[in-house]
2 protein chains.
Amino acid sequence: MRVLGVDPGLTRCGVGVVEGVPGRQCTPIAYEVVQSDPDEELAHRLLRLDGRLAELIALHQPDGVAVERVFSQHNVRTVMGTAQAGAVAILAAARAGLPVALYTPSEVKAAVTGSGTADKAQVTAMVTRLLRLDAPPRPADAADALALAICHVWRGGTRDKVAAALQQYRRGR
Amino acid sequence: MRVLGVDPGLTRCGVGVVEGVPGRQCTPIAYEVVQSDPDEELAHRLLRLDGRLAELIALHQPDGVAVERVFSQHNVRTVMGTAQAGAVAILAAARAGLPVALYTPSEVKAAVTGSGTADKAQVTAMVTRLLRLDAPPRPADAADALALAICHVWRGGTRDKVAAALQQYRRGR
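Residues numbered from 1 in each chain as written. Chains lettered and ligands numbered in written order. Predicted model: local features only at pLDDT ≥ 70, side-chain atom pairs only at ≥ 80, totals over all residues. Heavy atoms only, no water.

If you check an unreviewed UniProt entry, chain A appears there as Crossover junction endodeoxyribonuclease RuvC from Hamadaea flava. On record in UniProt, under Catalytic activity (unreviewed entry), the comment for chain A is "Endonucleolytic cleavage at a junction such as a reciprocal single-stranded crossover between two homologous DNA duplexes (Holliday junction)." Its UniProt record gives chain A a comment under Sequence similarities (unreviewed entry), which states: "Belongs to the RuvC family." (UniProt positions renumbered as here; feature names shortened; annotations may be inferred.)

**Q** Can you walk me through the pattern of salt bridges in this structure?
**A** Two side chains with opposite charge may pair up if their charged atoms get near one another. The final tally for this structure, using the stated rule, is 16 salt bridges over all chains. The residue R95 of chain A makes a salt bridge to D50 of chain B at a minimum N-O spacing of 2.5 Å. Linking R95 of chain A in helix α2 (residues 76–95) with D50 of chain B in helix α1 (residues 42–60), this pair reaches from one chain into another. With a relative accessible area of 5%, D50 of chain B lands in the buried category. Where R155 of chain B meets E107 of chain B, a salt bridge forms, and the shortest distance between an N and an O atom there is 3.4 Å. With R155 of chain B in helix α5 (residues 142–155) and E107 of chain B in helix α3 (residues 105–113), this residue pair connects regions lying 48 residues apart in the sequence. (Salt bridge = Lys/Arg side-chain N within 4 Å of Asp/Glu carboxyl O. Helix = DSSP H or I, 4+ residues; strand = E, 2+ residues; numbered from the N terminus. Buried < 20%, exposed > 50% of the residue type's maximum accessible area, 1.4 Å probe, protein only.)

**Q** I'm lost on the side chain of Q84 of chain B in this one. Help?
**A** Following the sequence through the fold, Q84 of chain B ends up in helix α2 (residues 76–95). Residue classification places Q84 of chain B among the buried residues on the basis of a relative accessible area of 11%.

**Q** What exactly am I supposed to notice about the UniProt feature "binding site: Mg(2+) 1" (unreviewed entry) in chain A here?
**A** Residues and elements named next belong to chain A. UniProt's entry tags D7 and D141 with the feature "binding site: Mg(2+) 1" (unreviewed entry), counted in the numbering of this structure. The largest pairwise C-alpha distance within this set of annotated residues, which runs over 135 residues, is 7.9 Å, so the set is compact in three dimensions. With respect to the secondary-structure elements, D7 resides in strand β1 (residues 2–7). Residue classification places D7 among the buried residues on the basis of a relative accessible area of 15%.

**Q** Honestly, the packing of α3 of chain B against helix α4 (residues 120–130) of chain B in this entry has me stumped. Any pointers?
**A** To describe two helices that pack against each other, one gives the angle between their axes and the distance between the axes. Residues and elements named next belong to chain B. Relative to each other, α3 and α4 sit at 50°, their axes nearing to 9 Å. One way to sum up the angle between α3 and α4 is to call them oblique. Every pair of crossing elements has a handedness; the one defined by α3 and α4 is left-handed. Along the contact surface, α3 presents K109, V112 and T113, while α4 presents Q122, V123, M126 and L130. Of the residues that constitute the contact of α3 with α4, the class distribution is four nonpolar, two polar and one charged. (Axes fitted to C-alpha atoms, helices over the stretch in contact; angles between N-to-C directions. Parallel < 35°, antiparallel > 145°, perpendicular 65-115°, else oblique. Left-handed = near helix turned anticlockwise from the far one by under 90°. Contact = heavy atoms within 4.5 Å. Nonpolar A, V, L, I, M, F, W, Y, C, P; charged D, E, K, R; others polar.)

**Q** Looking at this structure, how should I read the sheet that holds strand β5 (residues 100–103) of chain B?
**A** The strands that make up a sheet pair up through hydrogen bonds in the backbone, lying either parallel or antiparallel. Residues and elements named next belong to chain B. Read across the sheet, five strands follow the order β3-β2-β1-β4-β5 without closing on themselves; strand pairing throughout is mixed. Edge positions in the sheet fall to β3 (27–35) and β5, since each has one partner strand and no second. This sheet shows a mean twist of 20° between the axes of neighbouring strands, independent of strand direction. In this sheet, strand β4 (residues 64–68) lies alongside strand β1 (residues 2–7) in parallel orientation, the contact comprising four bridges. The residue of β4 that forms the bridge with V6 is V67. (Pairing = 2+ DSSP bridges.)

Below you can see the structure in the form of structure tokens.
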């Protein structure tokens, strides 16, 4: 199973692609941070992010996309940009016909470190070890996206199955 | 000048198209509310909204799109959906190569009622009068989208010119 993880952000959006099966070590395929200039018009920033995500999806052909779930409790100054970037990522995946799973930061941290309250350094260290990288991913923001992708591989796309079953049930009512 | 206005919302997204020139009465072209089921998967909701907005843009061929600017001070329970729907609207316009202008609710209220603190009933009453409609727009949520479109026509796309000039300046540095 190949998964593309997205840690949404308007100025810096982490993207990481890994391949693997539940319970086994994952193989890193690619990672990068899509950046945009805060001085630029919002429409151009969203368009650039959308375009790059579509390119990465076409290039790496993932089976599914995992996106960090954004909460309104986050820093109010950045939450709008994060929500907007998240919407672009979810839409890019849906447009490509891919299933999308959303995970909270604690779910991701728990999946890769065993603790839902792990700090950024712990997550980065575990991602580096789990993917047998020689050094921590650079730019650093890519580590969270790789962690999301690993989390989704290990969950074995369970969420999609649950969501699909629920939807089937609701449609059938 | 033909403008498509969007009052973003995930469950109910108002869309209104008007035609006119600054300082003159505007002609209503179309309006509707794009709805989605809160029980449905977020990816499907965003995809449906994106698809319908792309259809409406292709159908009505606006010269520009005006979207309500979302603030994080809004109701925290709905702000995420509003931000996500807003991002989809801005992206749909940008993908179609159209300039996008963002207006705060007070700017729109001031433009159509003369007061930045006008209530929803006043905005609806003025939109009905300004567009010479026989009755207030139904569904009611479409009134705000029509107000946004009127506001942008009356501003004569000034924002785009300012934004374009600024961008030209920044690129030239």
